[in-house]
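Structural characterization, general
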Amino acid sequence: MTVTPQAMADAIRVLAMDAVEQAASGHPGMPMGMADVATVLWTRFLKFDAKAPGWPDRDRFVLSAGHGSMLLYSLLHLTGSPSMTADQLRRFRQLGSLTPGHPEVGHTPGVETTTGPLGQGVSTAVGMAIAERHLNARFGDELVDHRTWVVASDGDLMEGISHEAISIAGRLKLNRLVVLWDDNQITIDGPLALSEGGDQIARFKAAGWAAKAVDGHDHAALARAMRWATRQDRPVLLACRTRIGKGSANLEGSHETHGKALGPAEIEATRTKMGWISPPFEVPAELAQAWNKAGRRGAGPRRKWERRLKASSHRAAFEAAMSGEIPEAATQALDAHIARMVADKPANATRVHSGAALAALVPAYPEMVGGSADLTGSNNTLVKGMGVLDAPDYAGRYVNYGVREHGMAAAMNGMALHGGVVPYAGTFLVFSDYARPAIRLAALMGARVIHVMTHDSIGLGEDGPTHQPVEHLAALRAMPNLKVFRPADAVEAAECWALALASRTGPSVMALSRQKVPAVRCEPAEENLCARGAYELDAASAEAEVTLFGTGTELDLALRARTQLEKDGIPTRVVSVPCWELFEAQPAAYQDRTIGKAKVRLAVEAGIRQGWDRFIGEEGLFVGMTGFGASAPAEQLYDHFGIAPQAIVARVKAKLGR
């Protein structure tokens, strides 16, 4: 077969057809339609080395349209990625393969982020572009000088998160970000016009992007457009007009190619039309060699980069940043802060305690990049001296995300995946609902992202039930691989920050109060007690008849109730439960000992009961919320809803029959 750009693109099309047919499941239309765009990008513009997928200065390629995963798998196979063998293509969508239905980072070498939920990929890519610009400002062009390329679908641009992400990128003038929009005018239900009538090019331009249309099947025009994109001073949208299922003998342009196999007859007809005679999953030697050469194109630049790194005065700092390790100076600074908090016993809101911990950490941890969804003063996420990360100087370490919780969460995912940055940012806990899809992806991907979520209960007071989270702690705790921390004072807040930063295989949420609380950890400890997830804070005076469990602002209520119960002759212990997920990771013997065998077990938390039966049992007592809150000062609300020491004491005594 003669090697031409068209024939190279056809190799992608055939592999996509074959894999979807073999699996009897998948989406062949998008890979076939975007094969020409991908061929131009991967053979002429994308900076990568197929043999070194972890090269720090590689371009990032994000397949936001993750349903078209065979586009990426085909490219990885063709360019010589060692793990993406023909056998892996044959096992498309099968258990244990490297070719799952949607791309999964950490599972398949060469995949930069997990995509599938539409809108997430393009939004995550914004975070990658932020990280690139920030690290470039820190280390210079010699070590950080790459782009982020995104293939996005109509569905990606319909999802609301895309509006948030596009606005962030435009405001920050992220000129190393290029989105290649698969403008095929097709949705699952049929023509795009069934549900969309907007002008995407005008929309992107209005958000501060450069944007233009290009024929997605004209290789020369695509090359000119991509070259133009690399010269812009802002992010770029290339609207690539394509035909879904391009090359299909009878179904080209039909929505029927979107989400199902073409079928043996159509595949045979398509092969005949293309002049493709090789068996399924085989590529003619000439084409295979051409694609393999494209995969080696970046080897030289990578080796030059490695020599620059070796000679660079920034080498130690760069390698430390990319390692993800917590600097010893940061650990020491936080330890010293904890010692001060034990001695000073400050009474304040846990959001303030969190801010104090950050004030100790951030100067000693240059990789930490913070931000907020327009709630900086409320979240206490800005540390003096951080500087704002903004165009044209990206050296600052604080991002003003605006009221864009979902886009913020996805951008932090991208920053974490890029490497060299440890992102954290704040909003109110009730607005975790806006960010939840991106938080879930962070948990699925194992990305170290820290969400600072303040105003964590009815204790926020007068703003009322629209802003008072009651079910949110339970909802977040239900998510696998997400650590939810709810510290009770300054010491616990600092310990939880240490644990969140040490959690390199998943995200964390810091649930923090608006209202003040007294210190509860008043004695030095030889270890991070919060690392156990739950621990006995106060022991009973004799064999315990009662165990009280509490978190956050309600832990003090449990301690005050204990004082009264002990005074009344009822031996009572108090257990702090700052992180359920860490408690579940403890040995069974420790869990049993911590929960104990007291006659009465009661949990107090200004949220719903769901999940607490793990600690108190089905017959246990719960003091908390059973519905939504109300608008009033915090102290009145706690009394109104019966979340108070006297209510705890009364419930315990009633249970004991005293």
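Residues numbered from 1 in each chain as written. Predicted model: local features only at pLDDT ≥ 70, side-chain atom pairs only at ≥ 80, totals over all residues. Heavy atoms only, no water.

1. Overview of the pairing of strand 7 (residues 236–241)
Of all 6 residues in strand 7, 5 are buried, a share of seventy percent or more. In this sheet, strand 7 lies alongside strand 3 (residues 177–183) in parallel orientation, the contact comprising 6 bridges. Bridge pairing in strand 7 places Val179 opposite Leu237. Looking at chain direction, strand 6 (residues 210–215) and strand 7 are connected through 6 bridges and run parallel. Pairing of Ala211 across the sheet is with Leu237, part of strand 7. The β-α-β motif built from strand 6, the intervening helix 10 (residues 219–229) and the parallel element strand 7 has right-handed crossover chirality. (Buried < 20%, exposed > 50% of the residue type's maximum accessible area, 1.4 Å probe, protein only. Helix = DSSP H or I, 4+ residues; strand = E, 2+ residues; numbered from the N terminus. Pairing = 2+ DSSP bridges. Right-handed = clockwise from strand over helix to strand, strands pointing away.)

2. Notes on empty space enclosed by the protein
Applying the stated criterion across every chain yields a total of 1 cavity of 30 Å³ or more. The computed volume of the largest cavity comes to approximately 40 Å³. Looking at the largest cavity, the residues that line it are Pro56, Asp57, Leu135, Leu143, Val144, His146, Phe318, Met322 and His418. Across the lining of the largest cavity, the residue classes tally to 6 nonpolar, 2 polar and 1 charged. (1 Å grid on protein atoms, 1.4 Å probe; cavity = no way out; pocket = protein on both sides within 12 Å on 5 of 7 lines; lining within 4 Å. Points joined across faces, edges and corners; volume = space filled by probe spheres on them. Nonpolar A, V, L, I, M, F, W, Y, C, P; charged D, E, K, R; others polar.)

3. Quick word on a positive patch on the surface
Positive charge collects at one region of the surface, where Arg303, Lys304, Arg307 and Arg308 lie side by side. Looking at the element boundaries, Lys304 is found in helix 13 (residues 299–311). (Patch = residues over 30% accessible without salt bridge, like charges linked within 9 Å, V, L, I, M, F, W, Y side chains within 5 Å. Areas by Shrake-Rupley, 256 points an atom, 1.4 Å probe, with all protein chains shown as cover. Salt bridge = Lys/Arg side-chain N within 4 Å of Asp/Glu carboxyl O. Lys, Arg positive; Asp, Glu negative; His and termini not counted. Charge placed at Lys NZ, Arg CZ, Asp CG, Glu CD.)

4. Thoughts on the side chain of Arg397
Examined against the element boundaries, Arg397 turns out to sit in the loop between helix 17 (376–379) and strand 10 (398–400). Lacking a salt bridge, the buried Arg397 has Glu367 as its closest oppositely charged neighbour, with an N-O distance of 7.3 Å. Of note is the side chain of Arg397, whose polar atom sits 3.4 Å from the backbone oxygen of Pro366. Reaching out from Arg397, the side chain makes a polar contact with the backbone oxygen of Met368 at a distance of 3.0 Å. For Arg397, the residues in contact, after removing those within four places along its chain, are His134, Val362, Tyr365, Pro366, Glu367, Met368, Val369, Gly370, Met386, Gly387 and Leu389. (Polar contact = N/O pair within 3.5 Å; in protein donor to acceptor, adjacent residues only side chain to side chain. Contact = heavy atoms within 4.5 Å.)

5. A few points about the layout of surface pockets
A volume near 740 Å³ is recorded for the largest pocket. Lining of the largest pocket is provided by 42 residues; of these, Arg58, Val105, Glu112, Leu417 and His418 occupy positions nearest its centre. Contributions of two or more residues to the lining of the largest pocket are made by strand 1 (60–63), helix 4 (69–78), helix 14 (315–323) and helix 18 (405–418). A total of 4 residues in the lining of the largest pocket trace back to one element, the largest contributor, which is helix 14. Of the residues assigned to the lining of the largest pocket, the class counts are 21 nonpolar, 12 polar and 9 charged.

6. Some points on unusual backbone geometry
A cis amide bond links Ala391 with the next residue in sequence, Pro392, at an omega value of 0 degrees. Inspection of the secondary structure assignment puts Pro392 in the loop between helix 17 and strand 10. Positive phi is not limited to glycine here, since Lys345 has a value of about 50 degrees. Of note, Lys345 is situated in the loop between helix 15 (328–344) and strand 8 (348–349).

7. Quick notes on helix 24 (residues 588–595)
Within helix 24 the residues assigned to the buried category are Tyr590, Gln591, Thr594 and Ile595. For helix 24, the angular spread of the buried residues around the axis is 125 degrees, confining them to a single face. Along helix 24, the residues that are exposed and aim more than 90 degrees away from the buried face are Ala588, Ala589, Asp592 and Arg593. At the exit of helix 24 stands Gly596, carrying a positive phi of roughly 75 degrees. (Arc of directions from axis to C-beta.)

8. Structural notes on the sheet that holds strand 9 (residues 368–372)
Strand order in the open sheet formed by 6 strands is 10-9-11-12-14-13, and the pairing between neighbours is parallel. Since the sheet does not close on itself, it has two edges, and those belong to strand 10 and strand 13 (483–485), each with one partner. Pairwise comparison of adjacent strand axes, ignoring direction, gives a mean angle of 20 degrees for this sheet. Pairing between strand 13 and strand 14 (residues 508–511): 3 bridges, direction parallel. Residue pairing in the sheet places Val484 in a bridge with Val509 of strand 14. (Axes fitted to C-alpha atoms, helices over the stretch in contact; angles between N-to-C directions.)

9. Looking at the nonpolar core
Core analysis: the biggest nonpolar cluster contains 76 residues, and Met368, Trp497 and Leu548 have the highest contact counts within it. Other than its neighbours up to four places away in sequence, Met368 contacts Leu358, Leu361, Val362, Met386, Arg397, Val422, Tyr424, Trp497 and Leu501. In terms of nonpolar packing, the next biggest core, distinct from the first, is built from 68 residues, Ala65, Val105, Ala210 and Met274 among them. (Core = buried A, V, L, I, M, F, W, Y, C linked by side-chain atoms within 4.5 Å.)

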